[in-house]
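The residues making up each chain are set out below.
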Amino acid sequence: HTLIARAFDVAGNSAITPVLPIRVREVLALTIDTPSEGAVLSIARTDVSGLTKPRATVSLTIASASYTTTAEKDGRYSFTGIALASGSNTMRAIASDSEGNSSLPVLRTVRVTLLVPSQTIPVPIKPITYWLMLGLMLLLGMFATRRDAR
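Basis of the calculations
- Residues numbered from 1 in each chain as written.
- Predicted model: local features only at pLDDT ≥ 70, side-chain atom pairs only at ≥ 80, totals over all residues.
- Heavy atoms only, no water.
- Core = buried A, V, L, I, M, F, W, Y, C linked by side-chain atoms within 4.5 Å.
- Buried < 20%, exposed > 50% of the residue type's maximum accessible area, 1.4 Å probe, protein only.
- Helix = DSSP H or I, 4+ residues; strand = E, 2+ residues; numbered from the N terminus.
- Contact = heavy atoms within 4.5 Å.
- Polar contact = N/O pair within 3.5 Å; in protein donor to acceptor, adjacent residues only side chain to side chain.
- Salt bridge = Lys/Arg side-chain N within 4 Å of Asp/Glu carboxyl O.
- Pairing = 2+ DSSP bridges.
- Axes fitted to C-alpha atoms, helices over the stretch in contact; angles between N-to-C directions.

Chemist: I'd love a proper account of the nonpolar core, names of residues and values included.
Modeler: Of all hydrophobic cores here, the largest spans 21 residues; its most connected members are Leu30, Val48, Leu60, Tyr77, Phe79, Leu84 and Met91. Those elements that place two or more of their residues in this core are strand 6 (30-34), strand 9 (57-62), strand 11 (76-83), strand 12 (87-96) and strand 14 (106-112).

What follows is the structure, encoded as structure tokens:
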């Protein structure tokens, strides 16, 4: 686009400005579809995915870690196995294209609550049960033998 301005005074004189080129920048659309806002996760890793302009570069920052990927032909992008800290984590994503256009930052906050693995306490088999069963079988066997002897 170009801009040309023409000014007139009361006497009818006019002046034209030099041609000024104007570059109109597109603001790229960007979404984070997963994980959802406010999600509570029980593991310290997550996949992040969303949608933007096809072939745009998507930059994702969480704390001091940064990740970059390129959106597919349909505009879908994804990051796999992004490390998270225990507690609150805010993700910041920005998309940009080859023409220098970019999106507004998109923020997403998730919480990681690490679960302590449950500990199974083994219950020992009581030897008394074994001995009681063995004794009962011996007694029954003795009675059966005495009865047969009569």
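Having seen the structure, we can now continue with the description.
Chemist: Residues and numbers for unusual backbone geometry, please.
Modeler: With an omega of 0°, the peptide bond between Thr34 and Pro35 qualifies as cis. Note on placement: Pro35 falls in the loop between strand 6 and strand 7 (40-41). Positioned with a positive phi, Arg55 is a non-glycine residue whose angle comes to about 65°. Along the chain, Arg55 turns up in the loop between strand 8 (45-52) and strand 9. In this model, Ala63 sits at a positive phi of 55°, which is unusual for a non-glycine residue. One can find Ala63 in the loop between strand 9 and strand 10 (65-70).

Chemist: Please give an account of the environment of Arg45 that cites residues and values.
Modeler: Within the fold, Arg45 resides in strand 8. Sequence-wise, Arg45 and Thr80 are 35 residues apart; in three dimensions their C-alpha atoms are separated by 8.6 Å. Among residues more than four places away in sequence, those in contact with Arg45 are Gly81, Ile82, Ala83 and Leu84. Among the polar contacts made by the side chain of Arg45, one reaches the main-chain carbonyl oxygen of Gly81 at a distance of 2.7 Å.

Chemist: So what about the pattern of salt bridges? Which residues, and what values?
Modeler: Once their charged atoms are close, side chains differing in charge can pair, the charge on each being opposite to the other. Tallying each qualifying case throughout the model produces 4 salt bridges. For Glu37, the salt bridge goes to Arg108, with nearest N and O atoms at 3.3 Å. Here the residue Glu37 occupies a position in the loop between strand 6 and strand 7, and Arg108 occupies one in strand 14, the gap between them amounting to 71 residues. For Arg108, a relative accessible area of 13% gives the class buried.

Chemist: Break down the sheet that holds strand 11 for me, citing the residues and quoting the values.
Modeler: Sheet strands line up and pair through hydrogen bonds in the backbone, either parallel or antiparallel. Here 3 strands make up an open sheet; going across it, the order is 6-8-11 and the pairing antiparallel. In this open sheet, the two edge strands, each paired with only one partner strand, are strand 6 and strand 11. Strand-to-strand twist of the sheet, defined as the mean angle between neighbouring strand axes without regard to direction, takes the value 25°. In this sheet, strand 8 lies alongside strand 6 in antiparallel orientation, the contact comprising 4 bridges. The residue bridging Thr31 from the neighbouring strand is Leu51, located in strand 8.

Chemist: Please provide a residue-by-residue account of the pairing of strand 12, values included.
Modeler: Pairing geometry for strand 9 and strand 12, over 6 bridges, is antiparallel. For Val58, the partnering residue across the bridge sits in strand 12 and is Ala95. Of the strand pairs in this sheet, strand 12 and strand 14 are connected by 7 bridges, and their pairing is antiparallel. If you follow Met91 over to strand 14, its bridge partner there is Arg108.

Chemist: Please provide a residue-by-residue account of the environment of Gly50, values included.
Modeler: Among the structural elements, Gly50 can be located in strand 8. In the structure, Gly50 is positioned 28 residues away from Ser78 in sequence and 6.6 Å away in space, judged by C-alpha atoms. In contact with Gly50, not counting residues within four places along its chain, are Thr31, Ile32, Asp33, Gly75, Arg76 and Tyr77.

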